[in-house]
Amino acid sequence: DTAVSQTPKYLVTQMGNDKSIKCEQNLGHDTMYWYKQDSKKFLKIMFSYNNKELIINETVPNRFSPKSPDKAHLNLHINSLELGDSAVYFCASSLGPAARQPQHFGDGTRLSIL
Amino acid sequence: SQQGEEDPQALSIQEGENATMNCSYKTSINNLQWYRQNSGRGLVHLILIRSNEREKHSGRLRVTLDTSKKSSSLLITASRAADTASYFCATLVAGANSKLTFGKGITLSVRP
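### Re the overall build of chain B
Moving on, step 1. Counting secondary structure elements, chain B contains 0 helices and 11 strands.
Moving on, step 2. Against the compact-globule benchmark of 13 Å for 112 residues, chain B has a radius of gyration of 13 Å, which places it among compact chains.
Moving on, step 3. Overall size of chain B, expressed as C-alpha extent along the three principal axes, is 45 × 30 × 20 Å.
Moving on, step 4. Each of the 112 residues in chain B was classed as buried or not, and the buried ones make up 45%.
Moving on, step 5. For chain B, contacts bridging at least 24 residues in sequence account for 55% of all contacts bridging at least 6.
Moving on, step 6. By element, 45% of the accessible surface of chain B is carried by carbon and sulfur atoms, the whole surface being about 5200 Å².

Below, the structure written as structure tokens:
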């Protein structure tokens, strides 16, 4: 059983479109994250939720909107996609916030903007 | 600016040799974590070391932390081809709002 699963694995779309990425974790963790990894493998946190409450909101364009319907799910909706949004987006989860525990990552969603 | 910086950026060794990777950071930390990323996959947690710890072991992995030098090292002993991956250090800054800051990673190639 995959602990943190993301869908889709690949997303190829045109500039200006709106798309969503879904994430689910079956580890019973309270905290979930979205990270962006660029082409140079630099990984940066975007958002974090703890028990459905937003606790970290980095400097991310407001075209990106996370939603956590319950503590096992964290989705990411992106409006008006731009070329610079091309990257790999990773979902992760941990037992609790404060980054004092290991984080478990999904295998990423590779987003390519044409 | 980035908190963690790994060194070297790339490392190529023969199977059976040891691999040492270093990470330096700028400000006081609560903990430092090492992760591995295989090509096309997500990051996998390896070891977490707290600021009051100096050394931790896990199987063939040994991590040291020197808070006076603001640096950490990851040693993989008796490397295997399957250890080929990118390795990242990540730091939790003391007093920060609970986020990990990742370095750019080290690409390790282990030749069979």
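### Considerations on the pairing of strand β6 (residues 53–57) of chain A
All names here are of chain A.
Moving on, step 1. As paired elements, strand β5 (residues 43–50) and β6 share 4 bridges and run antiparallel to each other. Directly across from Tyr 49, in β6, lies its bridge partner Leu 54.
Moving on, step 2. Counted along the chain from β5 to the antiparallel partner β6, the turn is 2 residues long, and its residue Asn 51 has a positive phi close to 50 degrees.

### Quick word on the packing of aromatic side chains
Moving on, step 1. Summed over the entire model, instances satisfying the criterion amount to 8 aromatic pairs over all chains.
Moving on, step 2. Considering the side-chain rings of Phe 64 of chain A and Tyr 89 of chain A, the 6.3 Å spacing of their centres and the 35 degrees angle between planes classify their relative orientation as tilted. Here Phe 64 of chain A, found in strand β7 (residues 64–70), pairs with Tyr 89 of chain A, found in strand β9 (residues 87–94); they are 25 residues apart in sequence, far enough to count as distant.
Moving on, step 3. Take Tyr 89 of chain A: its relative accessible area is 0%, and that puts it in the buried class.
Moving on, step 4. Consider the rings of Phe 105 of chain A and Phe 102 of chain B, whose centres lie 6.3 Å apart with planes at 85 degrees: the pair is edge-to-face. Here Phe 105 of chain A is found in strand β10 (residues 104–105), whereas its partner Phe 102 of chain B is found in strand β10 (residues 100–102) on a different chain. The same class applies to Phe 105 of chain A and to Phe 102 of chain B, which are both buried.
Moving on, step 5. Ring pairing ties together the aromatic residues Tyr 33, Tyr 35, Phe 90 and Phe 105 of chain A together with Tyr 35 and Phe 102 of chain B, which thus form one cluster.

### Focus: the environment of Lys 19 of chain A
Residues and elements named next belong to chain A.
Moving on, step 1. Looking at the secondary structure, you find Lys 19 in strand β3 (residues 19–25).
Moving on, step 2. Sequence spacing of Lys 19 and Asp 70 is 51 residues, and the spatial spacing of their C-alpha atoms is 20 Å.
Moving on, step 3. If we ignore the near neighbours within four places in the chain, the residues touching Lys 19 are Leu 11, Thr 13, Leu 76, His 77, Ile 78 and Leu 81.

### Overview of the state of the cysteines
Residue and element names in this part refer to chain B.
Moving on, step 1. Summed over the entire model, instances satisfying the criterion amount to 2 disulfides over all chains.
Moving on, step 2. Residue Cys 23 pairs covalently with Cys 89 via a disulfide, S to S 2.0 Å. Classification of the bridge connecting Cys 23 and Cys 89 rests on its S-S torsion, roughly 60 degrees, and on that basis the disulfide is right-handed. A residue pair is termed long-range when its members are at least 10 positions apart, and Cys 23 in strand β3 (residues 19–25) and Cys 89 in strand β9 (residues 85–93) qualify at 66 residues. The pair formed by Cys 23 and Cys 89 is uniform in burial state, with each residue classed as buried.

Calculation rules
- Residues numbered from 1 in each chain as written.
- Chains lettered and ligands numbered in written order.
- Predicted model: local features only at pLDDT ≥ 70, side-chain atom pairs only at ≥ 80, totals over all residues.
- Heavy atoms only, no water.
- Helix = DSSP H or I, 4+ residues; strand = E, 2+ residues; numbered from the N terminus.
- Rg over C-alpha atoms; globule rule 2.2 N^0.38 Å.
- Buried < 20%, exposed > 50% of the residue type's maximum accessible area, 1.4 Å probe, protein only.
- Contact = heavy atoms within 4.5 Å.
- Areas by Shrake-Rupley, 256 points an atom, 1.4 Å probe, with all protein chains shown as cover.
- Pairing = 2+ DSSP bridges.
- Phe/Tyr/Trp six-rings, centres within 6.5 Å; stacked < 30°, edge-to-face > 60°.
- Disulfide = S-S within 2.5 Å.

So yeah, pure geometry; function would need other evidence.
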